[in-house]
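Here's the letter readout for the chains.
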Amino acid sequence: MLLSGLLSSSGYWLHQRSGTNSFQWIGESVDRVSTQKPMVALTFDDGPRGPVSRRLMLELNRLNTKATFFLVGRQIKQFPHLTTELWRSGHQLANHSFAHKAMDSGNLWRFWQEVRDTDSLIRQSGYTGPIHFRAPMGKKRLALPLVLALAQKKHILWDVNPHDYKNTAPELMVQTVLQKVRPGSIVLLHDRPNTVAALAGMVEGLRAKGYQLVTVDQLLAQQR
Ligand SMILES: [Zn+2]
């Protein structure tokens, strides 16, 4: 009785804490890198998505900015050439699951397969850098962190979210990012037309505030 009470209350505690963005019971989860240096990483989720992703990449290249793309396996299968173009342009690639289904409940083996299959598609594109992970919607409870720990992957979240997926106006996105950014921030963005439209304002605004735009790996290297 006492034991089952303890187990259910610790289960409850884990459930509650796992609802927060950065708490994870095993393995490393990063929502912002602890540094004083004015560096920020722009991250783009859910691609590659065809023409909009190409426009996004060309705009980043025009702005001489390197970003990190959290790619979905089934999208890579659809756009393998675009995947290769992304890393050839100097951007970092990362894993955002295979099917983009929530990973806060479900089976450990499915999570393992999704992580492994998307990693292997990223490698088939010729990419050789480290591959971090971000869960769909950032959601996880107990099983996914265990899978990530076994796969020796960092779970990369974010601390700045301008809600571009809600069709937010580009000007408002720029304003949110410039207000919320701190040294070491990770910005959550997606391959979307309103995001492409916001990009120049965001990058120029961040640079005017003294920020250097870097990949997630370059940011992690600053961790104190
Ligand atoms: Zn996503």
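Residues numbered from 1 in each chain as written. Predicted model: local features only at pLDDT ≥ 70, side-chain atom pairs only at ≥ 80, totals over all residues. Heavy atoms only, no water.

## A few points about the pattern of salt bridges
At step 1: A full pass over the atoms with the stated rule returns 7 salt bridges.
At step 2: Measuring nitrogen to oxygen at the nearest pair gives 2.6 Å for the salt bridge that ties Arg-134 to Asp-45. Of the two residues, Arg-134 sits in the loop between α5 (108–124) and α6 (143–150) while Asp-45 sits in strand β2 (residues 39–45), which places them 89 residues apart along the sequence. Residue Arg-134 shares its accessibility class with Asp-45, and that shared class is buried. (Salt bridge = Lys/Arg side-chain N within 4 Å of Asp/Glu carboxyl O. Helix = DSSP H or I, 4+ residues; strand = E, 2+ residues; numbered from the N terminus. Buried < 20%, exposed > 50% of the residue type's maximum accessible area, 1.4 Å probe, protein only.)

## Topic: the UniProt feature "domain: NodB homology" (unreviewed entry) in the chain
At step 1: Using the residue numbers shown here, the UniProt feature "domain: NodB homology" (unreviewed entry) corresponds to residues 38–214.
At step 2: Between the end C-alpha atoms of residues 38–214 the distance is 10 Å, and the span holds 45% helix and 15% strand. (UniProt positions renumbered as here; feature names shortened; annotations may be inferred.)

## Focus: helix α4 (residues 80–88)
At step 1: Those residues of α4 not exposed but buried are Leu-82, Thr-83, Thr-84 and Leu-86.
At step 2: Residues of α4 that are buried make contact with α2 (51–62), β3 (68–71), α3 (73–78) and β4 (92–95).
At step 3: A positive backbone phi angle near 100° is found at Gly-90, which sits one or two residues after α4. (Contact = heavy atoms within 4.5 Å.)

## A word on the pairing of β3
At step 1: Alternating positions in β3 separate into two faces, Thr-68 and Phe-70 on one and Phe-69 and Leu-71 on the other, with burial throughout.
At step 2: The pairing of β2 with β3 spans 3 bridges and is parallel. Within the sheet, the bridge partner assigned to Asp-45 lies in β3 and is Phe-70.
At step 3: Tracing the backbone out of β2, into α2 and back to the parallel element β3 gives a crossover that is right-handed.
At step 4: One ladder, built from 4 bridges, connects β3 with β4; its direction is parallel. (Pairing = 2+ DSSP bridges. Right-handed = clockwise from strand over helix to strand, strands pointing away.)

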